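Below are the chains, spelled out letter by letter.
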There are 2 protein chains.
Amino acid sequence: MKHMSLKIIFLGTAGSVPTQKRSLPSILIQRKGEQVMFDCGEGVQRQMIKAKAGFHRKMKVFVSHMHGDHVLGLPGILQTMSLLDRREKLDVYGPPGIKGFLEGIRKTVQFVLTFPVEIHEVLEAGAVCEEPEYAVRTVWTNHVIPSLAYALVEKHRPGRFYPQKAKALGVPEGPLWSKLQHGQKVKLSNGRVVKPEDVTGPFRDGRKIVYTGDTRPFKEFAKFAADADVLIHDATLDDDLTERAEEDGHSTPEQAAKNAKAAKVKQLILTHVSARYKDTSPLLKHAKKIFKNTVVAEDFMEIEIPLLDS
Amino acid sequence: MKHMSLKIIFLGTAGSVPTQKRSLPSILIQRKGEQVMFDCGEGVQRQMIKAKAGFHRKMKVFVSHMHGDHVLGLPGILQTMSLLDRREKLDVYGPPGIKGFLEGIRKTVQFVLTFPVEIHEVLEAGAVCEEPEYAVRTVWTNHVIPSLAYALVEKHRPGRFYPQKAKALGVPEGPLWSKLQHGQKVKLSNGRVVKPEDVTGPFRDGRKIVYTGDTRPFKEFAKFAADADVLIHDATLDDDLTERAEEDGHSTPEQAAKNAKAAKVKQLILTHVSARYKDTSPLLKHAKKIFKNTVVAEDFMEIEIPLLDS
């Protein structure tokens, strides 16, 4: 169903230095007309234009950490949204420092905001954003400065509705069906009470998309990413540079694949690939030895995550 | 001669909002191994990579004004240069506010600078930078906030050296020739004094490249741009939107062409083209009615300016 669609667009997949083919880090999730962005590297506004993503939609930006390659695209998005006369509020989440960053820009770079920007500095891990249909949860990672991983987790949905069961129990089609579909019990004119579980299947799981931001491997991560549909993982350096990755606070393909396996995710996507790798097939090979369903992200790669009925 | 080359690379030619084809404003002049940049819009570091411009060369950046589309690319260049371990000093010139902008970024976005950055806030018009072979001059334009136009002006060079004349006057080939070529008189072993003007042609003019930044037309500009080899001019809006251009502090193609004509420049290049113009041929047509040698800039367009012997 179109309105249930969830699409991940990789706007930028570079390491800390961009390349001809890779823009600086940013991932855009489009879900039911809303946009959720993970990281916002320089050049993202133009990547959004190229990907035909909108500047007027309901949108939230989640920044992993205050390194320039993950955050310097934010002021330009605010300026362009204002030039296009956006009216809808924009929510920005990130570690402490993000408020001062945007305030400093506003004091020295002159532009008028046409819409409210609400900045949420994340002080502790947990659910930083709760919406009726999903939450965004976060955990502190193990990078060289405070950095957050994010998970967009859809809430459980009511089970599938079976009209034949409702009819058999004497529930007339109409408002009472709707109540049952939305999890409320109903009382029929004959005094009989029908509960949602009498006419629907079991609760259905939502989807879960996890993004590491920048991180070394760390123990608690597998629990955070458990059962994700998609795990988007830092894989800056290949496994022959594991020591260097450790030093710089990054992961290697094998480390990412071990996390994917431990977390029992459905798919692993490697990103934040260093500019030194023109050919990423060795990285893919190293990850696939451990976790088969792996791909290396490329700019403008799009992935649709279906909502499975169970 | 290769070492005399001067090349202009248009890294970004968009208006205030980028497009699929146009990145935000930036112009790079490569001259004898040095790079002089006019404006530094978001995404410039990646445009430099695509244009194969270097991050280690001697370089100066001149920012016209503190609107985001002209300056937000600067922090990313500093970060990438540091990641690539640049050691050479970078000079940054711009209107008041540019120092606070970069200091604010340094306080909130964490990166280590591997090289000195000297920030020069331009307080008054004139020669803001004097080098042995050229100067960069500036004038305040007529925009909605304080904005600078810049001119790179090469100094006069000694005239062409005529070996036959030197030989005829009895000057032996070698160090004495070099002295004469560099403007010094020499004394021969027979006591005779030979002056540079005895063996060289007249002084030769250097080249002059002028960039308006953002501006409405204003009277004093023609003098500032007089006799330029290339005038790179704001032409944000076409002539049917002259009133809107006036309101926003920009110029139209006809206004740019009138400036080119009044200043007697050799070539006019229109840039900062609004995203509304997919087809720029009407803008070109309107300018050409008044000044024939006009082109509309495109991203990665390169122009070589020869050094003419006279």
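Because the structure is a prediction, the values reported are computed rather than measured.

Draft legend 1. Summary view of the interface of chain B and chain A. Each partner contributes residues to the interface: chain B has 39 residues there, and chain A has 39 residues. Summed over both sides, the interface of chain B with chain A buries roughly 3000 Å², with 56% coming from carbon and sulfur. When the area that chain B buries against chain A is broken down by residue, the three leading residues are Gln20, Glu42 and Arg46 of chain B, summing to 22%. Our count for the chain B to chain A interface comes out at 13 residue pairs in polar contact (both at pLDDT 80 or more). Secondary structure elements with two or more residues in the side of chain B that touches chain A: α1 (44-50), α2 (68-71), α3 (74-83) and α4 (98-108) of chain B. Ranked by residues supplied to the side of chain B that touches chain A, first place goes to α1 of chain B with 6 residues. Looking at side-chain class alone, the side of chain B that touches chain A contains 14 nonpolar, 17 polar and 8 charged residues.

Draft legend 2. A look at the sheet that holds strand β12 (residues 208-211) of chain B. All names here are of chain B. Across the sheet, 7 strands lie side by side as β7-β8-β9-β12-β13-β14-β15; this open sheet has mixed pairing. In this open sheet, the two edge strands, each paired with only one partner strand, are β7 (126-130) and β15 (294-296). For this sheet the average axis-to-axis angle between neighbouring strands, irrespective of direction, equals 20°. For strand β14 (residues 267-271) and β15, the ladder comprises 3 bridges, and the chain directions are parallel. Bridging across to β15, Ile269 finds its partner in Val295. Those strands touched by helix α11 (residues 281-288) are β14 and β15, and its axis lies near 160° from that of β15.

Draft legend 3. Region of the structure containing the sheet that holds strand β9 (residues 148-154) of chain A. All names here are of chain A. Read from one edge of the open sheet, 7 strands run β7-β8-β9-β12-β13-β14-β15, paired in mixed fashion. Taken across any chain shown, the strands that pair with only one partner, and hence form the sheet edges, are β7 (126-130) and β15 (294-296). In this sheet, neighbouring strand axes are inclined to one another by 20° on average, regardless of whether the strands run parallel or antiparallel. As defined by bridge partners, strand β8 (residues 134-140) adjoins β9 across 7 bridges and the pair is classed as antiparallel. From the neighbouring strand, Trp140 faces β9, where its bridge partner is Leu148. Against the sheet, helix α11 (residues 281-288) contacts β14 (267-271) and β15, and its axis sits at roughly 160° relative to β15.

Draft legend 4. Broad picture of the domain arrangement of chain A. Taken domain by domain, chain A consists of domain 1 (2-157 + 204-308) and domain 2 (163-199). Using C-alpha coordinates to define each centre, domain 1 of chain A is positioned 43 Å away from domain 2 of chain A.

Draft legend 5. Region of the structure containing empty space enclosed by the protein. Tallied over the full model, the rule gives 4 cavities of 30 Å³ or more. Roughly 180 Å³ of internal volume is contained in the largest cavity. Ser23, Gly43 and Arg46 of chain A together with Gly43 and Arg46 of chain B are the residues nearest the centre of the largest cavity, which is lined by 18 residues in total. Taken together, the elements giving at least two residues each to the lining of the largest cavity come down to α1 (44-50) of chain A together with α1 of chain B. Its residues placed into classes, the lining of the largest cavity shows 4 nonpolar, 8 polar and 6 charged.

Conventions adopted
Residues numbered from 1 in each chain as written. Chains lettered and ligands numbered in written order. Predicted model: local features only at pLDDT ≥ 70, side-chain atom pairs only at ≥ 80, totals over all residues. Heavy atoms only, no water. Contact = heavy atoms within 4.5 Å. Buried area = accessible area lost by both parts, 1.4 Å probe. Polar contact = N/O pair within 3.5 Å; in protein donor to acceptor, adjacent residues only side chain to side chain. Helix = DSSP H or I, 4+ residues; strand = E, 2+ residues; numbered from the N terminus. Nonpolar A, V, L, I, M, F, W, Y, C, P; charged D, E, K, R; others polar. Pairing = 2+ DSSP bridges. Axes fitted to C-alpha atoms, helices over the stretch in contact; angles between N-to-C directions. Domains from an automatic or database assignment. 1 Å grid on protein atoms, 1.4 Å probe; cavity = no way out; pocket = protein on both sides within 12 Å on 5 of 7 lines; lining within 4 Å. Points joined across faces, edges and corners; volume = space filled by probe spheres on them.

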